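Breakdown of the fold
Below are the chains, spelled out letter by letter.
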Amino acid sequence: MGPLVPDIISNELNFIVALVIGVAFGIILEQAGFSTSKKLVGLFYGYDFTVLRVFFTAGVTAMFGVIALTHYGFLDIGLVYINPTFLWSALAGGLIMGLGFILGGYCPGTSFCGAAIGKIDAMIFIGGAFIGVFIFAEGYPMFEGLYKAANMGSPQIFETLGMSQGLFAFLLTVMAVGAFWGVSIIERKVNKVDKPDPTPARLFVPLTAVAVVLGIIALFLPERKSTLLADVKDKEYVSEYQFKMMTPDELVFRILDEDKKYVVIDTRDEKSFAAFTLPGAVNITPAQMFEKQSKKQLNIRGKKYVIIADTEQSGKAAAVVAMNLGVDEISVLAGGLDAVKSQILNYQPPTDLSTRQAKDTDLFRKRAQVELAQLIEKNKNKKVVKKEVKRVLGGC
Amino acid sequence: MQNHAEATKYMNPYLAGFLLGLLLLATIFITGRGLGASGAVKSGVIATVNAVTPEHTANATFYKDYLKEHENSPLKNWLVFEVIGVVIGAFLSGLVSNRLNLVLEHGPHIQSKVRIVSALIGGALFGLGAQLGRGCTSGSALSGMAVLSTGGLLTMMAIFGGAYAFAYFFRKMWL
């Protein structure tokens, strides 16, 4: 379902959305006290840790939300902008920003808040930021080497660290709760007063409990995609499902008959698909079924889907994935593509043609053998245009 | 923080953080991208330079790449609209909470002149750093944390680590 842009919300409407989100962003930042540099730098001198509290709570909240929405299939993380990782540029840029923070007392977002309520220093900071970007733009040939060095793609931190997403989320939550507790102590010491704790115990204890419970849930909430893909490798797991089966004869008949109600889904990898497939088949591997684009293709109203793979077993496995993702109207090709090859494409008439049914089958298969081969040959030259959905470009 | 009355006027930080987290989540769900701020400054710079010397922007890589992505106008950018919203939102919030006040804030032991210069240099460094870091505290650190981006979290640690490392040398400015 998500992201809603550009399918449900158009790119033009998205600018209005940006404005509304911005207003909410501005209100929250200002209400939290991020419109004054004194409060912001308090973080670095230990007298006011508001920034850390707001920042960490927001990050952890959004992180849990993203994990949960992805888990339940409401958000296609493959389409969400994951900030790319360029090691040296990220570190150098961060350090320069750190120096800018302590000198300027703001960061860009907060400086706009400060300026909006009349802080002259914030306005000057924004002017400075324009100069800084201008220097970068003009000196770009000089910065380019550093800017593009050590490109690691867009990994997520748990992949980089080689742990599960749940474990990282849990550890980050524990770290946040620990930090909240620690900074309250530091804050009281630095201010040398028993000033009212901004985190009274009656608020802090339930909050901690909620955070820890969420963290534990995340820890045991395995990523749905990998679990499901692993489960369907198990024959016994797959055998618990009921399938509608379709014989090779029926499928080929429908293909030759140009029955538009049926869509053939080839679940093998791209290479095998390119080498050989049935006419009109669409290539969607089980892993790809989790993507937004494929979900759309698999949920066209009035269409019935025939899942094919080399063997019947792998076809069933793919069908289980599709069923779990809410695709109805699925049948599985009995015997898989192997059966199509042996029964039709490489058809050998049996010696015994005594029954009526055997004769009919023989007639059909003889015809199908020729026509299907022709149709496959014809479709081979047709280039299948795969619709690529691009990731949103975000960042600053 | 001797002024209790002012301190209590601000929202509870955990509540503010929770709301900010929900907003960030909604942003990701709706638009597929996170929040940001410095990108709007970048658009502003490019639009300005493009208006003044179009020949220059047509030749320099940095401008050329950006203008290719924004064919209509460099200002027709998601973050520009978002930041306009931020200014409106913060203004409304300041209005409601009675915090609208034209003032140059600075530490008790420095003069306004020092604050003006440091704010200007600080802003310039932040602007430059945000280009290298591919985002600022909002776009890289906060939004990066929400999607668990390695680069975003690295930048976040560098920003705050850096600020702590340099804090000692500039303590006279603030304390």
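Our subject is the structure listed above.
All values derive from a computational prediction rather than experimental measurement.

Cut-offs used in this document
- Residues numbered from 1 in each chain as written.
- Chains lettered and ligands numbered in written order.
- Predicted model: local features only at pLDDT ≥ 70, side-chain atom pairs only at ≥ 80, totals over all residues.
- Heavy atoms only, no water.
- Helix = DSSP H or I, 4+ residues; strand = E, 2+ residues; numbered from the N terminus.
- Rg over C-alpha atoms; globule rule 2.2 N^0.38 Å.
- Buried < 20%, exposed > 50% of the residue type's maximum accessible area, 1.4 Å probe, protein only.
- Areas by Shrake-Rupley, 256 points an atom, 1.4 Å probe, with all protein chains shown as cover.
- Lys, Arg positive; Asp, Glu negative; His and termini not counted.
- Charge placed at Lys NZ, Arg CZ, Asp CG, Glu CD.
- 1 Å grid on protein atoms, 1.4 Å probe; cavity = no way out; pocket = protein on both sides within 12 Å on 5 of 7 lines; lining within 4 Å.
- Points joined across faces, edges and corners; volume = space filled by probe spheres on them.
- Nonpolar A, V, L, I, M, F, W, Y, C, P; charged D, E, K, R; others polar.
- Expected span 1.5 Å × (residues − 1).
- Contact = heavy atoms within 4.5 Å.
- Polar contact = N/O pair within 3.5 Å; in protein donor to acceptor, adjacent residues only side chain to side chain.
- Buried area = accessible area lost by both parts, 1.4 Å probe.
- Salt bridge = Lys/Arg side-chain N within 4 Å of Asp/Glu carboxyl O.
- Pairing = 2+ DSSP bridges.
- Right-handed = clockwise from strand over helix to strand, strands pointing away.
- Axes fitted to C-alpha atoms, helices over the stretch in contact; angles between N-to-C directions.
- Parallel < 35°, antiparallel > 145°, perpendicular 65-115°, else oblique.
- Core = buried A, V, L, I, M, F, W, Y, C linked by side-chain atoms within 4.5 Å.
- Patch = residues over 30% accessible without salt bridge, like charges linked within 9 Å, V, L, I, M, F, W, Y side chains within 5 Å.

1. A closer look at the overall build of chain A
- Broken down by element type, chain A carries 18 helices and five strands.
- On C-alpha atoms alone, chain A measures out to a radius of gyration of 29 Å, which is more than a quarter above the 21 Å that the 2.2 N^0.38 rule sets for 396 residues.
- Seen through its principal axes, chain A has C-alpha atoms that stretch 100 × 50 × 35 Å.
- A burial count over chain A gives 51% of its 396 residues as buried.
- In the form shown here, chain A has an accessible surface area of approximately 18900 Å², with 62% of it arising from carbon and sulfur atoms.
- Considering chain A, the positive charge centre built from 41 side chains and the negative charge centre built from 37 side chains are found 3 Å apart.

2. A short note on empty space enclosed by the protein
- Counted by the stated rule, this structure contains two cavities of 30 Å³ or more.
- By volume, the largest cavity is sized at about 150 Å³.
- Looking at the largest cavity, it is lined by 15 residues, and the ones nearest its centre are Phe34, Phe55, Cys107 and Thr110 of chain A together with Thr137 of chain B.
- Residue assignment for the lining of the largest cavity shows that the elements contributing at least two residues are α1 (11–32), α3 (50–71) and α5 (108–116) of chain A together with α8 (137–146) of chain B.
- Element by element, the count of residues in the lining of the largest cavity is highest for α8 of chain B, at three residues.
- Residue composition of the lining of the largest cavity, by class: 11 nonpolar, four polar and no charged.
- Roughly 50 Å³ of volume is contained in the second largest cavity.
- The wall of the second largest cavity is formed by Asn83, Pro84, Phe86, Ser89 and Ala90 of chain A together with Leu132, Gly133, Arg134, Ser140, Gly151, Gly152 and Thr155 of chain B.

3. A few points about helix α6 (residues 78–96) of chain B
- Taking 1.5 Å per residue as the helical rise, α6 of chain B with its 19 residues ought to reach 27 Å, and the 27 Å between its terminal C-alpha atoms agrees with that figure.
- Along α6 of chain B, the residues that are buried comprise Trp78, Leu79, Val80, Glu82, Val83, Gly85, Val86, Gly89, Ala90, Ser93 and Gly94 of chain B.
- Tucked inside the fold, the buried residues of α6 of chain B contact α1 and α5 of chain A together with α2 (13–31) and α3 (38–52) of chain B.
- In this structure Asn77 of chain B caps α6 of chain B, since a side-chain oxygen of it lies 2.7 Å from the backbone nitrogen of Leu79 of chain B.
- In the segment just after α6 of chain B, Asn98 of chain B is the residue with positive phi, at about 60°.

4. Remarks on the interface of chain A and chain B
- Tallying the contact residues gives 132 residues for chain A and 120 residues for chain B.
- Between chain A and chain B lies a buried interface of about 11300 Å² when both sides are counted; carbon and sulfur atoms form 76% of it.
- On the surface where chain A and chain B come into contact, there are four salt bridges.
- Of the charged contacts, one joins Glu105 of chain B and Lys119 of chain A as a salt bridge, the two residues approaching to 4.0 Å between their closest N and O atoms.

5. Side note on the pairing of strand β5 (residues 330–333) of chain A
All names here are of chain A.
- Pairing between strand β1 (residues 244–246) and β5: three bridges, direction parallel. Across the sheet, the residue bridging to Met245 is Val332, located in β5.
- As paired strands, strand β4 (residues 304–308) and β5 are joined by three bridges and run parallel to one another. Pairing of Ile307 across the sheet is with Val332, part of β5.
- Taken together, β4, helix α16 (residues 312–324) and β5 form a β-α-β motif whose crossover is right-handed.

6. Overview of the packing of α2 of chain B against α8 of chain B
All names here are of chain B.
- Here α2 crosses α8 at 80°, and the two axes come no closer than 10 Å. With respect to their mutual orientation, α2 and α8 come out roughly perpendicular. Where α2 abuts α8, its residues Leu20, Leu24 and Ile28 lie against Leu142, Ser143 and Ala146.
- Among the residues forming the contact of α2 with α8, the class breakdown is five nonpolar, one polar and no charged.

7. Points about the nonpolar core
- Residues Phe44, Phe56 and Phe101 of chain A together with Leu20 of chain B are the most contacted members of the largest nonpolar core, which totals 111 residues.
- The greatest single-element share of this core, amounting to 12 residues, is contributed by α3 of chain A.
- In contact with Leu20 of chain B, other than residues within four places in its own chain, are Phe25, Ile28, Leu29, Val54 and Ala58 of chain A together with Leu35 and Leu142 of chain B.

8. A few points about the sheet that holds strand β2 (residues 262–266) of chain A
All names here are of chain A.
- Pairing is parallel across the open sheet formed by five strands, whose spatial order is β1-β5-β4-β2-β3. The sheet terminates laterally at β1 and β3 (282–283), the two strands that pair on one side only.
- Bridge count for β2 against β3 is two bridges, and the pairing is parallel. Looking across to β3, one finds that Asp266 is bridged to Asn283.
- Across the sheet, α16 is in contact with β1, β4 and β5; its angle to β5 comes to roughly 165°.

9. Describing a nonpolar patch on the surface
Residue and element names in this part refer to chain B.
- A grouping of Ile84, Ile88, Phe91, Leu92, Leu95, Val96 and Leu100 is seen on the molecular surface, where their side chains present a nonpolar patch of about 610 Å² in accessible area.
- Mapped onto the secondary structure, Phe91 falls in helix α6.
- Here Phe91 falls in the partly exposed class, since its relative accessible area comes to 38%.

10. Quick notes on the pairing of β4 of chain A
All names here are of chain A.
- Summarising burial for β4: four of the five residues are buried, a large majority.
- Bridging between β2 and β4 involves five bridges; their strand directions are parallel. Opposite Val263, over in β4, you have Tyr305 as the bridge partner.

11. Comments concerning the pattern of salt bridges
All names here are of chain A.
- Evaluation of the coordinates by the stated rule reveals 19 salt bridges over all chains.
- Of the charged contacts in the structure, one is a salt bridge between Asp310 and Arg268, with a shortest N-O distance of 3.5 Å. Placement of Asp310 in the loop between β4 and α16 and of Arg268 in the loop between β2 and α14 (270–275) is noted, with a sequence separation of 42 residues between them.
- Owing to a relative accessible area of 30%, Asp310 belongs among the partly exposed residues under this scheme.
- Residue classification places Arg268 among the buried positions, given a relative accessible area of 9%.

Remember that the coordinates give geometry; whether it matters functionally is a separate question.
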